[in-house]
Amino acid sequence: MEHFRPDVLISEEDINLRIDDLARAINTEFAGEEIVVICILKGAFMFCSDLIKKLELPVRLDFMQVSSYGEGTVSSGNVKLEMDVSENLKDQNILIVEDIVDTGLTINTLVEMLKVRNPKKIKLASLLFKPSRNKFPVNIDYLGFEIEDKFVIGYGLDYAGRYRELPYIGVLNAGN
Ligand code: PRP
């Protein structure tokens, strides 16, 4: 099996420093309140895990899984709900945690799915955003990094199910 060595795009240290900033802003916005953090599986698991360790708020953690990419590198255009939250979201402060916003289709679909449950507030944290690929309007309240249109892997993000375990964001170079 081919297993390429990725080049580092965003180092572990830079990710950690940026998460410090995001956590500080979230702690300020929600000071004195409880939040329900919804980790969007699978890609956001590592970012979410590191982010919530730095929150100084009462947190309830939940998970949703949607998929649109399957094993390929191009979105199919259909977002399928694979797993729903188990918490009651009515009147709750929701923080959606995503690894990446690309076209914006997934997050738009997710927000629509969550709005009908009548939460108090819905906010979005995403580690990465590719502005050049964006098609659906999206407001990222807590953004880690804007990146160019490269296929990124690591720190939760996969290529055909692999490379999620890398502690940094990398790019695949077929020559390596
Ligand atoms: C990725 C990523 C986002 C979505 C972003 O999920 O985690 O949810 O794609 O793309 P979009 O903005 O174009 O909709 P993916 O479907 O690859 O599932 P995974 O997180 O389980 O790898």
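Above this text you will find the structure in question.
Residues numbered from 1 in each chain as written. Predicted model: local features only at pLDDT ≥ 70, side-chain atom pairs only at ≥ 80, totals over all residues. Heavy atoms only, no water.

1. Description of the packing of helix α1 (residues 12-29) against helix α2 (residues 45-53)
Relative orientation and spacing of two packed helices are given, respectively, by the angle between their axes and the distance between those axes. Here is the rule: An axis is simply a line fitted to the C-alpha atoms; with a helix, the fit covers only the stretch in contact. Between two such axes, the angle follows the N-to-C directions and lies from 0 to 180 degrees. For helices the rule is a DSSP run of H or I covering at least 4 residues; for strands it is a run of E covering at least 2, with both sets numbered from the N terminus onward. In this scheme, roughly parallel covers angles under 35 degrees and roughly antiparallel covers those over 145, while 65 to 115 is roughly perpendicular and the rest are oblique. Working rule for handedness: look at the near helix, and if it is turned counterclockwise from the far one by less than a right angle, call the crossing left-handed; if clockwise, right-handed. A contact between two residues is defined here by any heavy atoms of the two lying within 4.5 Å. Put simply, Ala, Val, Leu, Ile, Met, Phe, Trp, Tyr, Cys and Pro go in the nonpolar bin, Asp, Glu, Lys and Arg in the charged bin, and everything else, Gly too, in the polar bin.
Following both chains from N to C, one finds α1 and α2 inclined at 60°, their axes separated by 9 Å at the closest point. It follows from the interaxial angle that α1 and α2 lie oblique. Where α1 crosses over α2, the two elements pack in a sense that is right-handed. Judged by residue contacts, Asn-16, Ile-19, Leu-22, Ala-23 and Ile-26 of α1 engage Phe-47, Asp-50 and Leu-51 from α2. Residue composition of the contact of α1 with α2, by class: six nonpolar, one polar and one charged.

2. Examining the sheet that holds strand β5 (residues 93-101)
The test is simple: Here the rule is simple: two strands pair whenever DSSP picks up at least two bridges between them.
Pairing within the open sheet is mixed, and its six strands lie in the order β4-β3-β2-β5-β6-β7. Of all strands in the sheet, those bounded by a partner on one side alone are β4 (80-83) and β7 (142-146). With strand direction ignored, the average angle separating the axes of adjacent strands in the sheet is 25°. Strand direction decides the pairing type here: strand β2 (residues 35-41) and strand β3 (residues 59-67), joined by seven bridges, are parallel. Among the inter-strand pairings, Ile-38 is bridged to a residue of β3, identified as Asp-62. Running at roughly 155° to β7, α1 makes contact with β2, β5, β6 (121-129) and β7 of the sheet. Against the sheet, helix α3 (residues 105-115) contacts β2, β3, β4, β5 and β6, and its axis sits at roughly 165° relative to β5.

3. Overview of unusual backbone geometry
Note the cis peptide between Leu-41 and Lys-42, where omega equals -5°. Mapping Lys-42 onto the fold places it in the loop between β2 and α2. Phi at Tyr-163 is positive, roughly 75°, even though this residue is not glycine.

4. Some details on the site of the ligand
Formally: Residues are counted as near a molecule or strand when any one of their heavy atoms sits within 4 Å of it. Two N or O atoms count as a polar contact when they lie within 3.5 Å, although within protein this holds only if one can serve as hydrogen donor and the other as acceptor, and sequence-adjacent residues are included solely when both atoms are side-chain atoms. Note on areas: Shrake-Rupley with a 1.4 Å probe; residue coverage comes only from the protein chains shown.
Residues in contact with the ligand amount to 17 residues; listed here are only the nearest, Glu-98, Asp-99, Thr-103, Gly-104 and Thr-106. The separation between an oxygen atom of the ligand and a polar side-chain atom of Thr-106 is 2.4 Å. Asp-158 is positioned with one of its side-chain polar atoms (N or O) 3.2 Å from an oxygen atom of the ligand. Against a free-state accessible area of 500 Å², the protein chains account for coverage of 91% of the ligand. Contributing elements (two or more residues each) for the shell around the ligand: β5 and α3. Ranked by residues supplied to the shell around the ligand, first place goes to β5 with four residues. Its residues assigned to classes, the shell around the ligand comprises five nonpolar, six polar and six charged.

5. Points about the pattern of salt bridges
Just so we agree on the cut-off: Only one rule defines a salt bridge in this text: a Lys or Arg side-chain nitrogen within 4 Å of an Asp or Glu carboxyl oxygen. When accessible area is computed with a 1.4 Å probe and restricted to protein chains, residues below 20% of their type maximum are described as buried, those above 50% as exposed, and intermediate ones as partly exposed.
Tallied over the entire structure, the rule returns 18 salt bridges. One salt bridge in this structure joins Asp-21 and Arg-18, with 3.0 Å as the shortest N-O distance. Taken together, the positions of Asp-21 and Arg-18, both in helix α1 and three residues apart, correspond to about one turn of that helix. Since its relative accessible area comes to 33%, Asp-21 is described here as partly exposed. Notably, a salt bridge pairs Arg-24 with Asp-21, separated by 3.4 Å at the nearest N-O pair. Here Asp-21 and Arg-24 lie together in helix α1, a separation of three residues that amounts to about one turn.

That is the geometry; function is a separate question.
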